[in-house]
Amino acid sequence: YAGEWLNGAKTGEGTYNYANGNSYTGSVVNDVRTGEGTMTYADGDVYTGAWLDGIQHGQGTYTWANGSVYTGEWLNGARTGEGTFTWANGNKYVGEWKGGKKHGRGRYLYLDGTSKEVEFADGVIIEQ
């Protein structure tokens, strides 16, 4: 860890380099990722956004090494709320999420200009 300290605890802005190859740069409170920051994972994935108690919580963007991207709301480390998932090929899903799965109303947007309204329950399409 390289960064700010307060009363013996990592607090403020800093950078962690983990033994597993991951690295985090951003806000830390009492030795825990809290606030805005970026985690770069050893596999090439990157999350930039809000953290609370060491997990993704609030608005953020997760980019997979394969080029897929999710931008939206996070709750306790899972995609929850409104968000957009863009596959590496450019097709998108814009809609509601819960517990990391599509849940509620959404819309697929395809590169050819077509779209499809859908409703999900726990990741499964229940209405098209």
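The coordinates are above.
Just so you know, these numbers come straight off a predicted model, no measurement behind them.

It is worth spelling out the pairing of strand β10 (residues 101-109) at this point. Sheet topology places strand β9 (residues 92-98) next to β10; 6 bridges connect them, and they run antiparallel. Within the sheet, the bridge partner assigned to Val94 lies in β10 and is Arg107. Joining the antiparallel neighbours β9 and β10 is a turn of 2 residues, in which Gly99 adopts a positive phi near 60 degrees. Judged from the 6 bridges that link them, β10 and strand β11 (residues 115-121) form a sheet pairing that is antiparallel. Note on β11: the bridge partner recorded for Leu109 is Ser115. Counted between consecutive antiparallel strands, the loop separating β10 from β11 contains 5 residues, among which Gly113 sits at a positive phi close to 95 degrees.

With a phi close to 55 degrees, Asp53 is a non-glycine residue in the positive phi region. Residue position: Asp53 is located in the loop between β5 (46-52) and β6 (55-63).

So, on to the nonpolar core. If you look at the biggest cluster of nonpolar residues, it comprises 16 residues, and the most contacted ones within it are Tyr24, Tyr41, Tyr47, Trp51 and Tyr93. Contributions of two or more residues to this core are made by β3 (23-29), β5, β7 (69-75), β9 and β11.

Turning our eyes to something else, we now look at the packing of aromatic side chains. For the structure shown, the criterion picks out 19 aromatic pairs. Arranged with centres 5.7 Å apart and planes meeting at 85 degrees, the rings of Tyr1 and Trp5 form a pair that is edge-to-face. Judged by centre distance (4.9 Å) and plane angle (55 degrees), the rings of Tyr1 and Tyr16 are tilted. Residue Tyr1 is located in the segment before β1 (2-6), and its partner Tyr16 is located in strand β2 (residues 9-17); the two are separated by 15 residues in the primary sequence. We classify Tyr1 as partly exposed; its relative accessible area is 29%. Over the ring of Tyr24 we find Arg33; its NZ or CZ atom is 5.8 Å from the centre of that ring. In this structure, Arg79 is placed above the aromatic ring of Tyr70, and the distance from its NZ or CZ to the ring centre is 5.7 Å.

Turning next to the side chain of Ser68. Considering the arrangement of structural elements, one finds Ser68 in the loop between β6 and β7. You can call Ser68 buried: its relative accessible area is 6%. Residues contacting Ser68, with those up to four places away along its chain left out, are Tyr62, Thr63, Phe85, Thr86, Trp87 and Ala88.

This part takes up the pairing of β3. Most of β3 sits inside the fold, with 5 of its 7 residues counted as buried. One ladder, built from 6 bridges, connects β2 with β3; its direction is antiparallel. Bridged to Thr15 within β3 is Thr25. Taking the residues that link successive antiparallel strands as the turn, the β2-β3 hairpin has 5 residues, and the phi of Gly21 there is positive, at about 100 degrees.

Scoring rules and cut-offs
- Residues numbered from 1 in each chain as written.
- Predicted model: local features only at pLDDT ≥ 70, side-chain atom pairs only at ≥ 80, totals over all residues.
- Heavy atoms only, no water.
- Pairing = 2+ DSSP bridges.
- Helix = DSSP H or I, 4+ residues; strand = E, 2+ residues; numbered from the N terminus.
- Core = buried A, V, L, I, M, F, W, Y, C linked by side-chain atoms within 4.5 Å.
- Buried < 20%, exposed > 50% of the residue type's maximum accessible area, 1.4 Å probe, protein only.
- Phe/Tyr/Trp six-rings, centres within 6.5 Å; stacked < 30°, edge-to-face > 60°.
- Lys NZ or Arg CZ within 6 Å of the ring centre and 35° of its normal.
- Contact = heavy atoms within 4.5 Å.

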